[in-house]
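# A closer look at the structure
In case you want the letters, here they are:
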Amino acid sequence: MRLDVVTIFPEYLEPLNVSLVGKARARGQLDVHVHDLRQWTYDRHNTVDDTPYGGGPGMVMKTEPWGDCLDELLADGYEAGVGAPALVVPTPSGRPFTQELAVELSERPWLVFTPARYEGIDRRVMDEYATRMPVYEVSIGDYVLAGGEAAVLVITEAVARLLPGVLGNAESHRDDSFAPGAMANLLEGPVYTKPPEWRGHGIPDVLLSGHHGKIARWRRDEALRRTTANRPDLIERCDAAVFDKKDREMLSILGWEPEPGGRFWRKREAVEE
Ligand code: ADE
């Protein structure tokens, strides 16, 4: 997969040399190009922003540097025969970034990221490239960052680990919390490793039992417990058909009740320990 990132802070993308993404680059699974937007400015001050039409606070990123830069890097990728590009524009006004979107992006050959600073990029840039390629405007959460670079790091890491051969164990993302098509979108429960006793804290006996069925059941109960505590909305959204008899017993202990509509709802605060 090819990734291009256009930014006024190329050094912010240094983490792309580290860890999972860095290794995927070294192995040739990811071809990453980081570009300094100011190279496509032609005035003495390397201006990339201007005041907003209609007034108001802040500055807006100008069309010309983005247009000239994107034209050049797109021509380069087309010449190299990379495949169909998609533009990924991080913005707090975008659609929420989810595991499902990470999977969709991981299936594309070429992603071009345009992290903005200031109040964002002149709308016409997205409108122009949308005539030629899919444009994903994506938010990584309901908070406002100073710029989109951190969002690029987040999206890149979520996408890169889904690429074939990037994670050691090909099975490892099948059970991810939020994996699309998962039996139910539940959060993963707690995990433990050696030693068996640490500062007076033991580990649940079932994990030492060697009984795979009981361990799977325990993990599922813990997932239901954690999801109830941290993301009850995920359970409310589930079609009740994904819950088996044992799930239902646990859900009942946690305060959930089945509704005629085929969902679960919770009328009282759960017994959460
Ligand atoms: N830029 C600023 N805030 C952002 C957010 N929450 N998601 C994506 N890009 C952003």
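Residues numbered from 1 in each chain as written. Predicted model: local features only at pLDDT ≥ 70, side-chain atom pairs only at ≥ 80, totals over all residues. Heavy atoms only, no water.

This is how the line gets drawn: UniProt positions are given in the numbering used here, feature names are shortened, and annotations may be inferred rather than shown by experiment.
You'll find the chain entered in an unreviewed UniProt entry as tRNA (guanine-N(1)-)-methyltransferase, with Streptomyces mesophilus given as the organism. The UniProt entry for the chain carries the following text under Catalytic activity (unreviewed entry): "guanosine(37) in tRNA + S-adenosyl-L-methionine = N(1)-methylguanosine(37) in tRNA + S-adenosyl-L-homocysteine + H(+)". On record in UniProt, under Subunit (unreviewed entry), the comment for the chain is "Homodimer."

### Here's the deal with the packing of helix H6 (residues 212-230) against helix H8 (residues 245-253)
To keep it simple, the criterion reads: Interaxial angle, 0 to 180 degrees, is taken between N-to-C directions of lines fitted to C-alpha atoms, where a helix line uses only the stretch in contact. Each helix is a run of H or I in the DSSP string that is no shorter than four residues. Each strand is a run of E no shorter than two, and both are numbered from the N terminus. Should an angle lie under 35 degrees it is considered roughly parallel, over 145 roughly antiparallel, and from 65 to 115 roughly perpendicular; all remaining angles are considered oblique. Crossing handedness is read from the near helix: turned anticlockwise from the far helix by less than a right angle, it gives a left-handed crossing, and turned clockwise, a right-handed one. We call two residues contacting when some pair of their heavy atoms lies within 4.5 Å.
As a packed pair, H6 and H8 sit with axes 10 Å apart at the nearest point and diverge in direction by 40°. Viewed along their axes, H6 and H8 adopt a mutual orientation that is oblique. Our pair here, H6 against H8, has a crossing hand that is right-handed. Contacts between H6 and H8 involve Arg217, Arg220, Asp221, Leu224 and Arg225 from the former and Lys246, Asp247, Met250 and Leu251 from the latter.

### Here's the deal with the pairing of strand S5 (residues 85-96)
Every other side chain in a regular strand lies on the same face of the sheet, so the side chains alternate between the two faces. In plain terms, the rule: Each pair of strands is called paired provided DSSP finds at least two bridges between the two strands. Crossover handedness is defined by viewing with both strands directed away from the observer: a clockwise path from the first strand over the helix to the second marks the crossover as right-handed.
Looking at chain direction, S5 and strand S6 (residues 110-113) are connected through four bridges and run parallel. Bridging from a neighbouring strand, Ala86 pairs with Leu111 of S6. Chirality of the crossover, the property in question, places the unit of S5, helix H3 (residues 99-106) and S6 among those that are right-handed. Here S5 pairs with strand S7 (residues 135-139) via six bridges, running parallel.

### Side note on unusual backbone geometry
Look at the link from Lys194 to Pro195: it is a cis peptide, with omega at 5°. Positive phi values are uncommon outside glycine, yet Tyr118 reaches one of about 60°. Relative to the elements of secondary structure, Tyr118 occurs in the loop between S6 and helix H4 (123-130).

### Some details on H8
Rules: Think of it in three bands: with a 1.4 Å probe and only protein chains considered, a residue is buried below 20% of the maximum accessible area for its type, exposed above 50%, and partly exposed in between. What the arc covers is the set of directions going from the helix axis to the C-beta atoms. The definition of a polar contact used here is a pair of N or O atoms within 3.5 Å, where within protein one atom must be able to donate a hydrogen and the other to accept one, and adjacent residues in sequence count solely through side-chain atom pairs.
Among the residues making up H8, those that are buried are Asp247, Met250 and Leu251. Down the axis, H8 shows its buried residues gathered within 100° of arc, on one side only. Of the exposed residues in H8, those oriented more than 90 degrees away from the buried face are Lys245 and Ile253. Each element contacted by the buried residues of H8 is listed here: H6, helix H7 (232-237), strand S8 (256-258) and strand S9 (264-266). Between the side-chain oxygen at the start of H8 and the backbone nitrogen of Lys246 there is a gap of 3.1 Å, and the oxygen is on Asp244. At the exit of H8 stands Gly255, carrying a positive phi of roughly 95°.

### Concerning the domain arrangement of the chain
This is how it is decided: An automatic or database domain assignment supplies the residue ranges for each domain.
The domain boundaries assigned to the chain delineate domain 1 (2-161) and domain 2 (197-266). Inter-centroid distance (C-alpha atoms) of domain 1 to domain 2 is 39 Å.

### A few points about the sheet that holds S5
Ordered by their spatial adjacency, five strands build an open sheet running S2-S1-S6-S5-S7, and the pairing between neighbours is parallel. Since the sheet does not close on itself, it has two edges, and those belong to strand S2 (31-36) and S7, each with one partner. In this sheet, adjacent strand axes meet at a mean angle of 25° when their direction is disregarded. Sheet strands touched by helix H5 (residues 149-160): strand S1 (2-7), S5, S6 and S7. Its angle to S6, the strand with the most contacts, is close to 165°.

### Side note on the nonpolar core
Here is the rule: Residues belong to a common nonpolar core when they are buried Ala, Val, Leu, Ile, Met, Phe, Trp, Tyr or Cys residues joined through side-chain atoms within 4.5 Å.
The biggest cluster of nonpolar side chains holds 28 residues, and the ones touching the most others in it are Leu30, Phe97, Leu105, Leu111, Phe113 and Ile155. Where this core is concerned, the elements lending two or more residues are S1, helix H1 (19-26), S5, H3, S6, S7 and H5. Among the elements that make up this core, the one with the highest residue count is H5 (six residues). Apart from residues lying up to four places away in sequence, Leu105 is in contact with Met1, Val88, Phe97, Leu111, Tyr136, Ile155 and Val159.

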